[in-house]
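Architecture at a glance
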Amino acid sequence: MKKYIKTGIAAAVVIAMIVGCYYYMTHRETKAADDVEVTQLDQVLSRQLDQSYPPTPREVVKFYNRIIECMYGGDYDSDQFEKLTGQARKLMDEELLENNPDDTYKNQLIAEVASYDKESRKILQTSVCNSDEVRYKEIEGKKCAYVRAAYFMKEGEGSFFRTYQEYLLRQDKDKNWKIVAYHITSAPEES
C-alpha cells in the first residue's frame, strides 16, 4: 500500500511539474508577444487596401498622410520604400498615375525626402479637415471631393511652420475615392 501511495505522490508531482512548465511557457510567450511594438510603418505596410479601402475622401487623405509621415520619416529600407510607394499609388486616380509613372514618382520622392533631410525638416503632425468641410462637386459627370490637409513642420533647431494642401479626389468605377491632384494652398480663413 505504501508503494502505491509513493507512486501516486510521485505521479502527482510529475503531473504538477508538467502543468506548471506548460503554464509558464504559454504565458511567457504571450507576454513576449505583448511586448512587440507595432510601428506606424508596420501598420501602413500591412493594410490590405484591396480588402479595406478607406470609405470616404477624408479617410483616403488621412491614410495618404500616414504614408507621407512614414516616407519623410526616413526610417525604412529599400523594400519598405517600394511598399510605401505602392500603397500611395493605390490611393491615386488613373489620371494621376498616368501623369506620374512609377519610376518618375519614386525619383521625385527620393529627391524630395533628401531635400527634407538636408534642411532638417520634419513633419511633426498632419491633420485633415472635418467631414462637414469636405466639398463635393460633380465634374464631367463624376463625383468629386475637395479635402484640405494641414502639415505642422519643424525646420532646423526651432523654426516651426504650417503648410496646407488641397486634394481633389474622384470616385472610380468601384466607388472608391482616388486622389486626382493636390496643390499647396494658403491657410484656411477663420470663420
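First things first, this report covers the structure right here in the doc. Since this is a predicted model, take the numbers as computed values, not measurements.

What counts, and at which threshold
- Residues numbered from 1 in each chain as written.
- Predicted model: local features only at pLDDT ≥ 70, side-chain atom pairs only at ≥ 80, totals over all residues.
- Heavy atoms only, no water.
- Pairing = 2+ DSSP bridges.
- Helix = DSSP H or I, 4+ residues; strand = E, 2+ residues; numbered from the N terminus.
- Axes fitted to C-alpha atoms, helices over the stretch in contact; angles between N-to-C directions.
- Parallel < 35°, antiparallel > 145°, perpendicular 65-115°, else oblique.
- Contact = heavy atoms within 4.5 Å.

All right, on to the pairing of strand 4 (residues 159-171) then. As defined by bridge partners, strand 3 (residues 142-155) adjoins strand 4 across twelve bridges and the pair is classed as antiparallel. In the sheet register, tyrosine 146 faces strand 4, and the bridge partner there is leucine 168. The antiparallel pairing of strand 3 with strand 4 creates a hairpin that spans three residues between the two strands, and glycine 156 there sits at a positive phi of about 70°. Pairing between strand 4 and strand 5 (residues 177-185): eight bridges, direction antiparallel. Residue pairing for strand 5: tyrosine 167 is matched across the bridge by tyrosine 182. Linking strand 4 to strand 5, which pair antiparallel, is a turn of five residues; within it lysine 175 sits at a positive phi near 70°.

In this sheet, strand 3 lies alongside strand 1 (residues 121-128) in antiparallel orientation, the contact comprising seven bridges. From the neighbouring strand, lysine 122 faces strand 3, where its bridge partner is lysine 154. Alignment of strand 2 (residues 135-139) against strand 3, held across five bridges, turns out to be antiparallel. Bridged to lysine 137 within strand 3 is cysteine 144. Counted along the chain from strand 2 to the antiparallel partner strand 3, the turn is two residues long, and its residue glutamate 140 has a positive phi close to 50°.

What follows covers the packing of helix 3 (residues 57-73) against helix 6 (residues 102-118). Where helix 3 contacts helix 6, the axes come no closer than 10 Å and their chain directions differ by 60°. As far as their axial angle goes, helix 6 and helix 3 are oblique. Between helix 3 and helix 6, the contacting residues are Tyr64, Met71 and Tyr72 on the first element and Tyr105, Leu109, Glu112, Val113 and Tyr116 on the second.

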